[in-house]
Amino acid sequence: GTTERLRRWRATLGVCTALVAALGALAATVDDIRVHEAPDSTRVVLETSAAVDFDVFSLANPDRVVIDVHGARAGQRFDAAGASVSGTAVRAIRAAPRGADMRIVLEVAAPRTPKGFKLAPVAPYGHRVVVDLFGAATARTESRGTHARTDHTDTDPAQAHRLVVQHFPGELDL
């Protein structure tokens with residue numbers, strides 16, 4: 001009767017909880033973040049435990065670049081706030097879970113146009129997501145497939161809140 005149904009329901013709930021926990025343990029991790037200046041951009045490199053998909057876009061007022069890493073969580077040694085950003089266009093970094101994804105926010109000194117790509121493991125490095133941040137002087141409007149860049153040289157206030165999204169569902173062999 002009722003007791004048997006309740007026992008089956010609890011057993012089913014227990015199995016579902018165990019499956020959700022197991023799937024969470026299989027999520028990719030973001031293990032490290034590095035930032036440095038390159039000749040024509042600021043480069044941000046995320047070290048990940050596995051290949052990941054991601055979106056990257058810029059926001060204004062205040063100027064930020066957002067990296068959403070899909071199906072990932074912060075690894076044990078990941079420290080966004082402690083990443084060295086001195087001498088770069090990045091003022092600060094913060095990160096937090098966002099549903100099943102991980103959101104990394106780069107606070108930048110001025111508008112930046114992000115362009116990202118993935119790198120497969122090459123010793124001594126593992127999987128990486130690379131995001132180059134181009135300054136207003138180098139930004140040009142460009143759109144090819146799912147890759148998009150926006151010209152941030154506009155001074156029209158109506159264009160100040162434009163949102164740029166890049167989605168990279170496949171891998172690049174570089």
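The notes below deal with the structure included here. For every chain, the first residue of the written sequence is number 1, and numbering continues from 1 along that sequence. Reporting in this predicted model follows two pLDDT cut-offs: at least 70 for local features of residues, and 80 or more for side-chain atom pairs to be given and counted; totals over whole chains, interfaces and linings ignore these cut-offs and use all residues. Note: side-chain values were computed over all heavy atoms of the structure, leaving out hydrogens and water.

Observations concerning the pattern of salt bridges
Pairs can form between side chains of opposite charge once their charged atoms are near each other.
Part 1 of the argument: Salt-bridge detection follows one rule: a side-chain nitrogen of Lys or Arg within 4 Å of a carboxyl oxygen of Asp or Glu. Inspection of the entire model under this criterion finds five salt bridges.
Part 2 of the argument: Across the pair aspartate 53 and lysine 118 runs a salt bridge, and its minimum N-O distance is 3.0 Å. One end of the pair, aspartate 53, is in the loop between β2 (42-48) and β3 (54-59); the other, lysine 118, is in strand β8 (residues 112-119), and 65 residues separate them in sequence.
Part 3 of the argument: Across the pair glutamate 107 and arginine 94 runs a salt bridge whose closest N-O atoms are separated by 2.4 Å. On the criterion of sequence distance, the pair formed by glutamate 107 in strand β7 (residues 101-108) and arginine 94 in strand β6 (residues 90-98) is long-range, its members being 13 residues apart. Only DSSP runs of H or I reaching four residues or more are called helices, and only runs of E reaching two or more are called strands; each is numbered from the N terminus.

Some thoughts on the pairing of β7
Part 1 of the argument: Counting buried positions along β7 gives six out of eight residues, so the element sits mostly inside the fold.
Part 2 of the argument: Here, a strand pair is defined by DSSP locating no fewer than two bridges between the strands. Direction of pairing for strand β4 (residues 64-69) relative to β7: antiparallel, over a ladder of six bridges. Residue pairing in the sheet places arginine 64 in a bridge with glutamate 107 of β7.
Part 3 of the argument: Judged from the eight bridges that link them, β6 and β7 form a sheet pairing that is antiparallel. Bridging across to β7, alanine 96 finds its partner in arginine 103. A 1.4 Å probe rolled over the protein chains alone gives each residue an accessible area, and that area as a share of the maximum for its type sets the label: buried under 20%, exposed over 50%, partly exposed in between.

A look at the pairing of strand β1 (residues 28-37)
Part 1 of the argument: Note that β1 and strand β5 (residues 72-74) share three bridges and pair parallel. In the strand pairing of β5, alanine 28 is matched with alanine 72.
Part 2 of the argument: Examined bridge by bridge, β1 and β2 share seven bridges and lie antiparallel to one another. Across the sheet, the residue bridging to valine 35 is valine 44, located in β2.
Part 3 of the argument: Where β1 folds back on β2, the antiparallel hairpin that results is connected by four residues.

Focus on unusual backbone geometry
Part 1 of the argument: In this structure, proline 62 follows asparagine 61 across a cis peptide bond, with omega equal to 0°.
Part 2 of the argument: Position of proline 62 relative to the elements: it lies in the loop between β3 and β4.
Part 3 of the argument: Between alanine 123 and the following residue, proline 124, the backbone shows a cis peptide bond with an omega angle of 5°.
Part 4 of the argument: With respect to the element layout, proline 124 can be found in the loop between β8 and β9 (127-135).
Part 5 of the argument: Even without being a glycine, asparagine 61 presents a positive backbone phi close to 55°.
Part 6 of the argument: By secondary structure assignment, the location of asparagine 61 is in the loop between β3 and β4.

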